[in-house]
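Here are the chains, one letter per residue:
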Amino acid sequence: NDQLTLSPRASIAWFPPKSSWTFRLATGIYHQALLFKEVKKVVLEEGNYITYLNRDVKSPRSAQIIFASDYYFKKWGRPFKLTGELYYKYIDRIIPYQVDNMKVTYRGENCADGFAFGGDVKLFGEFVPGTDSWVSVSLLNTKENIYGDGCGYLPRPTDQRFNVSLFFQDYFPGYESLKFNIKLVCAAGYPFWSPYSSTNANNIPRMKNYFRFDIGAVYQLERGVDS
């Protein structure tokens, strides 16, 4: 579509002297590069569905701001870092899409705007000496308003309200090369609805919450280097 996009961004960080805290502030405008699926538009003409390329589609655009802070400390004689982030994003020129099992269908036109906001907290450190582990909690709320449908702002297909995850590593004493890890994920279900049902903000069902538990092992191969 011969569109020229600019994505200016800026960030600033503050490291208070003699402090374990750091602070960051970032903002900017971002243009999402178009996919081929996003420019395909399907219309009904004389009883037949016709697909054509919509050359008037523009890249979806967002303006966002992020505030983050890190806190470094020691516990049990080992280093830890606590990170927190708050963010807000306004999005326009959205190309709405629907998910049908593994198939993603776009509307092929810029016909919505929306927003996303939330926060993340992550604790990272050596719960076991010499290994890296972490636990994180994330909250998200993202909605979009499709023009002309009369439904107002509805949850986007990616509206996963919360996500809690844990990654923990350990090893046998004396066998530091052999490490075992566990990963636990608990997340809210995504919204979904039938294309033939009436839709409003009060009757959108969600999938069941998602749980996952993994156990893994890693063996590190070490090779001596001649001086």
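Residues numbered from 1 in each chain as written. Predicted model: local features only at pLDDT ≥ 70, side-chain atom pairs only at ≥ 80, totals over all residues. Heavy atoms only, no water.

Draft legend 1. Expanded view of a nonpolar patch on the surface. A cluster of nonpolar residues, Ile12, Leu25, Ile65, Phe67, Leu86, Tyr88, Tyr90 and Phe117, forms a patch on the protein surface that exposes about 760 Å² of accessible area. Secondary-structure elements contributing two or more residues to the nonpolar patch are β5 (61-75) and β6 (78-94). Ranked by the residues each element gives to the nonpolar patch, the list is headed by β6, at three residues. Using a relative accessible area of 38% as the deciding quantity, one classes Tyr88 as partly exposed. (Patch = residues over 30% accessible without salt bridge, like charges linked within 9 Å, V, L, I, M, F, W, Y side chains within 5 Å. Areas by Shrake-Rupley, 256 points an atom, 1.4 Å probe, with all protein chains shown as cover. Salt bridge = Lys/Arg side-chain N within 4 Å of Asp/Glu carboxyl O. Helix = DSSP H or I, 4+ residues; strand = E, 2+ residues; numbered from the N terminus. Buried < 20%, exposed > 50% of the residue type's maximum accessible area, 1.4 Å probe, protein only.)

Draft legend 2. Structural context of the packing of aromatic side chains. The tally for this structure, following the rule as stated, stands at twelve aromatic pairs. Judged by centre distance (5.6 Å) and plane angle (15°), the ring pair of Phe73 and Phe80 falls under stacked. The buried category is assigned to Phe80, whose relative accessible area is 5%. Summarising the aromatic geometry, the rings of Phe115 and Phe117 are spaced 6.0 Å apart at their centres and angled 15° between planes, so their arrangement reads as stacked. A connected cluster of aromatic rings, assembled from ring pairs, spans Trp14, Trp21, Phe23, Phe67, Tyr71, Phe73, Trp76, Phe80 and Phe127. (Phe/Tyr/Trp six-rings, centres within 6.5 Å; stacked < 30°, edge-to-face > 60°.)

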